[in-house]
Amino acid sequence: MNQVPTIARILFVLLFGTLFALPTQASPDKKRVLVLHSYHQGFHWTDRIMAGINEVLTEQDNIELFVNYMDTKRRSDTEYFRLLKKLYFQKYQLFKFDLIISSDDHALDFLLKYRDELFPDTPVVFSGLNDYYPGRLNSQNNFTGIYESYDVLGTLELMRSLHPQTEKIWAITDNTRSGNIFKSLIEDAEKSFSANVQIEYLHDLPELELVKKLETLPENSLVLWAIYLRMHSGTTLSSKESVRLVSNHSRFPTYCIWDVVGQGVVGGKITSPNFQGEMAAKIGLQIINGKAIEQIAVKGSPLVNIFDYRVLQKFEISMEKIPENSIVLNRPESLYEKYKRYFVLYGLFTLLLLLTIFFLVAVIFLKRKNAEFEGKAMHDPLTGLYNRYYLDEVVCQKFSESVRHQSALSLMLLDIDHFKKVNDTYGHLTGDVVLKQVAQLLSKNSRSEDIVTRIGGEEFVIILDHCDLNKACEKAEQLRKDVETLKPANIDTTISIGVSQLKPLGETLNQLLARADKAVYQAKKSGRNRICAA
């Protein structure tokens, strides 16, 4: 009864499993990159190489990463590599990779042996190699990368310069491939090192024996932690655990030849794993973007002196002794560094405030200058009265208001009698005095709403708002008398005045002036020193 449904369920499961067993179809623009690490996730060096790779590749939208850890710190025999080959075949037989990035020696050795079987024709960029030499690639194609540069002699010289009393340096290495390589590098450096300092090797020691050695080191000793991650028993340690083991049982400073600074060592002349990962990823991007791998040479990484400030302080090593351009980790922040953000914000705020003040001062200055220029443009420079330009500017509004409100508005045109004779007889300077004093009198004896102007030479115009022709004539007569008694510069002076009133339906200034000018002409013709209404 239940046989058919059971078979159907089995077929469904098989079909469903087969579908999910197929590789995910990547976008045509996506590039698949396999990252093969020799060691395990959580291993200090490997994690920092991966951080360098991520820093470059995670910004690329067209990259899909496949990350694998071979875990060879724990096991690295031939049978283990054979099993890894079988695993990767099963795992990636249906995948085509555009690039492989490897880290450290075991991963490269694995790819040199099995790349053509597992990932044929796939370009490989290696990083983090401890042991690189030109024949290492066995003339295989599509391999390039960056290897670790070491300056063991430079680190030894650094140790001696900071501790000139040193008599022995104790080098710690394990029996891994890296450990043997480092031991060989130290032995090579020893040949060129000072004969006054002896190097002792603590190679592949059991933990208890290593601890006993460290606790009984003689005076004037230093420790060089090269690598001690797989103990004699086969148990593995993290770099932090290993460095702590050494530094906790040695009363002397410990240095390193690869990057474990910040975990308890003083420092060393070392390369950066982050740089290894970044460079490998950047080289990989060049290949993905079409650059031929044959054009990219294998190269080493730069070296720099790196120190841990806390350990420098612990062993009372002066900052003045360390080489220039060194990197110092864990250094306490200065007041500026600690509050740099606030200093920057305060600086920006102060700059903004100063710019605002400068802007406001500039605006005030320009406004004053503008007012000064406008004042000069609208005033007669000799008498200080308004000029013809100002009269033209305001009179239209006055005329318009007068017509709209049916209020009277009159105009006086005043002319100093025989003024040319004054200039010819007494000179232009005296003539200017006469003009100034007459102008002062006109301004003083006019209402605040009146507009007193000098329109040229010895001619003046007064606009009388809310004033009809009769009142204007009365004012004109009073002004005539006042000027007659003024005697500016002790010169008898009189004026002739023409008065006109704005027509109820309005007229232009020129029309009103023309009528007043005719009245002045009539006054002069009638004997001067009199007024005449238009």
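Each remark here, short or long, concerns the structure printed above.
Residues numbered from 1 in each chain as written. Predicted model: local features only at pLDDT ≥ 70, side-chain atom pairs only at ≥ 80, totals over all residues. Heavy atoms only, no water.

**Q** Help me out: how do you make sense of the pairing of strand E15 (residues 451-456) in this one?
**A** Sheet faces and side chains relate simply in a regular strand, where the side chains alternate between the two faces. Bridge analysis of E15 against strand E16 (residues 459-465) gives five bridges, and the strand direction is antiparallel. Bridge pairing in E16 places Val 452 opposite Ile 462. Following E15, the chain reverses through two residues before pairing antiparallel with E16; Gly 457 in that reversal takes a positive phi of roughly 55 degrees. (Pairing = 2+ DSSP bridges. Helix = DSSP H or I, 4+ residues; strand = E, 2+ residues; numbered from the N terminus.)

**Q** In this structure, what is going on with the pattern of salt bridges? I would like to understand it.
**A** Pairing between side chains becomes possible if they bear opposite charge and their charged atoms approach one another. Applying the stated criterion to the full structure yields 28 salt bridges. Across the pair Arg 48 and Asp 259 runs a salt bridge whose closest N-O atoms are separated by 2.6 Å. Of this pair, Arg 48 sits in helix H2 (residues 44-57) while Asp 259 sits in the loop between strand E9 (254-256) and strand E10 (267-270), placing them 211 residues apart in sequence. For Arg 48, a relative accessible area of 25% translates into the label partly exposed. (Salt bridge = Lys/Arg side-chain N within 4 Å of Asp/Glu carboxyl O. Buried < 20%, exposed > 50% of the residue type's maximum accessible area, 1.4 Å probe, protein only.)

**Q** So what exactly am I meant to see when it comes to unusual backbone geometry here?
**A** Keep in mind that most residues, glycine aside, have a negative phi and that most peptide bonds are trans. Residue Asn 325 is not a glycine yet carries a positive backbone phi of 65 degrees. Its location among the elements puts Asn 325 in the loop between helix H10 (309-314) and strand E13 (327-329).

**Q** Please clarify how the sheet that holds strand E2 (residues 63-69) should be interpreted in this entry.
**A** The strands making up a sheet associate through hydrogen bonds between their backbones, and the pairing can be parallel or antiparallel. A sheet is described by the order of its strands in space; here six strands give the open sequence E2-E1-E3-E4-E5-E11, paired in parallel fashion. Since the sheet does not close on itself, it has two edges, and those belong to E2 and strand E11 (299-300), each with one partner. Relative to strand E3 (residues 99-103), strand E1 (residues 31-37) runs parallel, the two being bridged by five bridges. If you follow His 37 over to E3, its bridge partner there is Ser 103. Helix H3 (residues 78-92) contacts E1 and E2 of the sheet and is inclined by roughly 155 degrees relative to E2. (Contact = heavy atoms within 4.5 Å. Axes fitted to C-alpha atoms, helices over the stretch in contact; angles between N-to-C directions.)

**Q** How should the packing of helix H5 (residues 152-162) against helix H6 (residues 177-190) be read in this particular structure?
**A** Packed helices, taken two at a time, are described by their axes: the angle between them and the distance between them. Orientation of H5 relative to H6, taken along the N-to-C sense of each, is 65 degrees, at an axis distance of 8 Å. Crossing hand, H5 versus H6: right-handed. On H6, the residues that touch Val 152, Leu 153 and Leu 156 of H5 are Leu 185, Ile 186 and Ala 189. A class-by-class count of the residues in the contact of H5 with H6 yields six nonpolar, no polar and no charged. (Left-handed = near helix turned anticlockwise from the far one by under 90°. Nonpolar A, V, L, I, M, F, W, Y, C, P; charged D, E, K, R; others polar.)

**Q** Would you explain the sheet that holds strand E14 (residues 409-416) in this entry?
**A** Taking strand neighbours across the sheet as the criterion, the five strands line up as E15-E16-E14-E17-E18 in an open arrangement whose pairing is mixed. Strands at the two margins of the open sheet, each flanked by one partner only, are E15 and strand E18 (531-533). Across the sheet, the axes of successive neighbouring strands diverge by a mean angle of 20 degrees, strand direction being ignored. Here helix H13 (residues 388-405) sits on the sheet in contact with E14, E15 and E16, set at roughly 135 degrees to E15. Contacts between helix H16 (residues 469-486) and the sheet are confined to E14, E16, strand E17 (495-501) and E18, with E17 contributing the most and set at about 170 degrees to the helix.

**Q** How do you make sense of H3 when you look at a structure like this?
**A** Working note: α-helix, 3.6 residues per turn, so residues spaced by three or four point in the same direction. Between its first and last C-alpha, H3 extends 21 Å over 15 residues, near the 21 Å set by a 1.5 Å rise per residue. Residues of H3 that are buried include every one of Tyr 80, Phe 81, Leu 84, Tyr 88 and Tyr 92, and no others. Along the axis of H3, the buried residues cluster in a sector spanning 95 degrees; they form a single face. The exposed residues of H3 that point more than 90 degrees off its buried face are Thr 78, Lys 86 and Gln 90. Here the buried face of H3 lies against E1, E2 and helix H4 (104-118). The opening residue of H3 is Asp 77, an N-cap whose side-chain oxygen sits 3.1 Å from the backbone nitrogen of Glu 79. (Expected span 1.5 Å × (residues − 1). Arc of directions from axis to C-beta. Polar contact = N/O pair within 3.5 Å; in protein donor to acceptor, adjacent residues only side chain to side chain.)

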